[in-house]
Amino acid sequence: MQQPDWKTLLAEERFRSVVSGSCAGLVAALVTCPIDMVKIRMQNVADKGLGSVATLRNILMAEGVKGVYKGVGVTAMSYLPNWAIYFSVYDASKSFYSQNFSVLSPSFAHLLSAVQAGVTSAVITNPLFVVRTRIMTQPSSYSPFAPYYYRSTLDGLVTLARKEGVQALYKGIGPTLLGVSHVAIQFPLYEQFKRYLARDNDPSRMDSRSILLASAAAKLIASSITYPHEVIRTRLQTQTKVHVEAHSTPTCGQLAHSRSLSTRASSAPKEHRARPHYRGLVHAGKVIFRNEGLRGFYKGFYASLFRNIPAAAMTIFTYEFLSNTMVRLSHQ
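Every value quoted in this text rests on a predicted model; they were computed, and no experiment measured them.

Scoring rules and cut-offs
- Residues numbered from 1 in each chain as written.
- Predicted model: local features only at pLDDT ≥ 70, side-chain atom pairs only at ≥ 80, totals over all residues.
- Heavy atoms only, no water.
- Helix = DSSP H or I, 4+ residues; strand = E, 2+ residues; numbered from the N terminus.
- Buried < 20%, exposed > 50% of the residue type's maximum accessible area, 1.4 Å probe, protein only.
- Contact = heavy atoms within 4.5 Å.
- Areas by Shrake-Rupley, 256 points an atom, 1.4 Å probe, with all protein chains shown as cover.
- Core = buried A, V, L, I, M, F, W, Y, C linked by side-chain atoms within 4.5 Å.
- 1 Å grid on protein atoms, 1.4 Å probe; cavity = no way out; pocket = protein on both sides within 12 Å on 5 of 7 lines; lining within 4 Å.
- Points joined across faces, edges and corners; volume = space filled by probe spheres on them.
- Nonpolar A, V, L, I, M, F, W, Y, C, P; charged D, E, K, R; others polar.
- Phe/Tyr/Trp six-rings, centres within 6.5 Å; stacked < 30°, edge-to-face > 60°.

*Asks:* Give me the overall build of the protein chain: which residues, what numbers.
*Replies:* A count of helices and strands for the protein chain gives 15 helices and zero strands. Put simply, the protein chain has 332 residues, and 49% of those count as buried. Long-range pairs, those at least 24 residues apart, make up 79% of the contacts in the protein chain between residues at least 6 apart in sequence. Carbon and sulfur atoms form 63% of the exposed surface of the protein chain, whose accessible area is close to 16,500 Å².

As structure tokens, this is what we get:
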């Protein structure tokens, strides 16, 4: 008897990766959005700033519960394709290396696969993440003095490209690619932890608690090592042309324009005022270190851990659960 078409589809590893990865990313994004908001707001403040609890309290007082879920739509739209692309490329790369480069150790093959998957997903989805960061740091309502305000994801993409050029869609791509080292650390560690915790050395027989433990431990280690790139990325992504011009030395013909910019800057939200101009990844790192010290690179770190560890656990757990469920259904 011929197998139904849907069973054939479920038996395809690439299809399972796309579906499981997309759904896993959506679940994690929806559950952890309030923590993500706190983290990004803290990263975006160039002065001493507030702690995680105080930042959350300020958002709730100023914008209500709706404020902590600002950007949940663009967050879902960003993470859905990001994880779908990531898991698809990661699984395909693992299969490719195991079939064509058997001399490579499993750990090194997983490392190469993670790097390829991270670079591919980062390059494709960076425009969405730029808009996401800006939506989560913009005022709750339109203000002519705000450096940016987008009504939706599409409006953000179109407005950003029109006002700042298509290249602005790739703001922060440098630290984002540097952040590939995060997944290059996290997922090989996860594979190692899975083998260590698996019963009879068979990862497919892992129970839910072991999967959660392996993913959380891998995420904790990777996040601690690579966190500074997130702060630099947020600063670059929220920097607009207004900031660039405001921090440039004006010529005689630009004095009137600079006065206008100064007026706008003085009326902008606190996190956008008194912001140094960052000329790129290395310069941003130097400026942050000079003005804020080593602690400046870890703003929002505890909120990030509080967000990333459960997010990673939910992402990988949901991915494994859906993938294994589809395998079982395809064999019924």
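Moving on from the model shown.
*Asks:* Before we move on, can you summarise the side chain of Gln-186 with the specific residues and values?
*Replies:* The topology assignment puts Gln-186 in helix H9 (residues 180–197). Once you skip the residues sitting within four places of it in the chain, Gln-186 turns out to touch Ala-218, Lys-219, Ala-222, Ala-312 and Ile-316.

*Asks:* So what about the nonpolar core? Which residues, and what values?
*Replies:* Formed by 19 residues in total, the largest nonpolar core has its most connected members in Trp-83, Tyr-86, Phe-87, Tyr-90, Phe-187 and Tyr-190. Of all the secondary-structure elements, those providing two or more residues to this core are helix H2 (13–43), helix H5 (72–100), helix H6 (106–137), H9, helix H10 (208–226) and helix H15 (301–331). If sequence neighbours within four positions are ignored, Phe-187 has contacts with Trp-83, Tyr-86, Phe-87, Tyr-90 and Ile-316. By size, the runner-up hydrophobic cluster in this structure holds 12 residues, among which are Ala-46, Ile-232, Phe-297 and Phe-301.

*Asks:* Describe in detail empty space enclosed by the protein, supporting the description with residues and values.
*Replies:* Empty space among the atoms becomes apparent when a probe as large as a water molecule is rolled across them. For the structure shown, the criterion picks out one cavity of 30 Å³ or more. Looking at the largest cavity, its volume works out to about 690 Å³. Every residue lining the largest cavity is counted, 36 residues in all, and those nearest its centre are Tyr-79, Asn-82, Phe-129, Lys-219 and Arg-233. Elements represented by at least two residues in the lining of the largest cavity include exactly H2, H5, H6, H9, helix H11 (228–238) and H15. Considering every element that reaches the lining of the largest cavity, the biggest residue donor is H6, with eight residues. For the lining of the largest cavity, the class distribution of residues is 12 nonpolar, 17 polar and seven charged.

*Asks:* How would you sum up the environment of Ser-52? Please name residues and give values.
*Replies:* Following the sequence through the fold, Ser-52 ends up in helix H3 (residues 52–63). Looking at Ser-52, the relative accessible area reads 25%, which means it is partly exposed. Discounting residues that sit within four places of it in the chain, Ser-52 has contacts with Val-38, Met-42 and Ala-303.

*Asks:* Requested: an account of the packing of aromatic side chains, with residues and values cited.
*Replies:* Applying the stated criterion across every chain, the model contains 16 aromatic pairs. Taking the centre distance of 5.2 Å and the plane angle of 90 degrees together, the rings of Tyr-79 and Phe-129 count as edge-to-face. With Tyr-79 in helix H5 and Phe-129 in helix H6, the pair connects residues that are 50 residues apart, well separated along the chain. A relative accessible area of 13% means that Tyr-79 is categorised as buried. On the numbers, 5.2 Å between centres and 75 degrees between planes, the contact of Tyr-227 with Phe-301 is edge-to-face. Residue Tyr-227 is located in the loop between H10 and H11, and its partner Phe-301 is located in helix H15; the two are separated by 74 residues in the primary sequence. Residue Tyr-227 shares its accessibility class with Phe-301, and that shared class is buried. Ring-pair connections join several aromatic residues into one group, and the members of that group are Trp-83, Tyr-86, Phe-87, Tyr-90 and Tyr-319.

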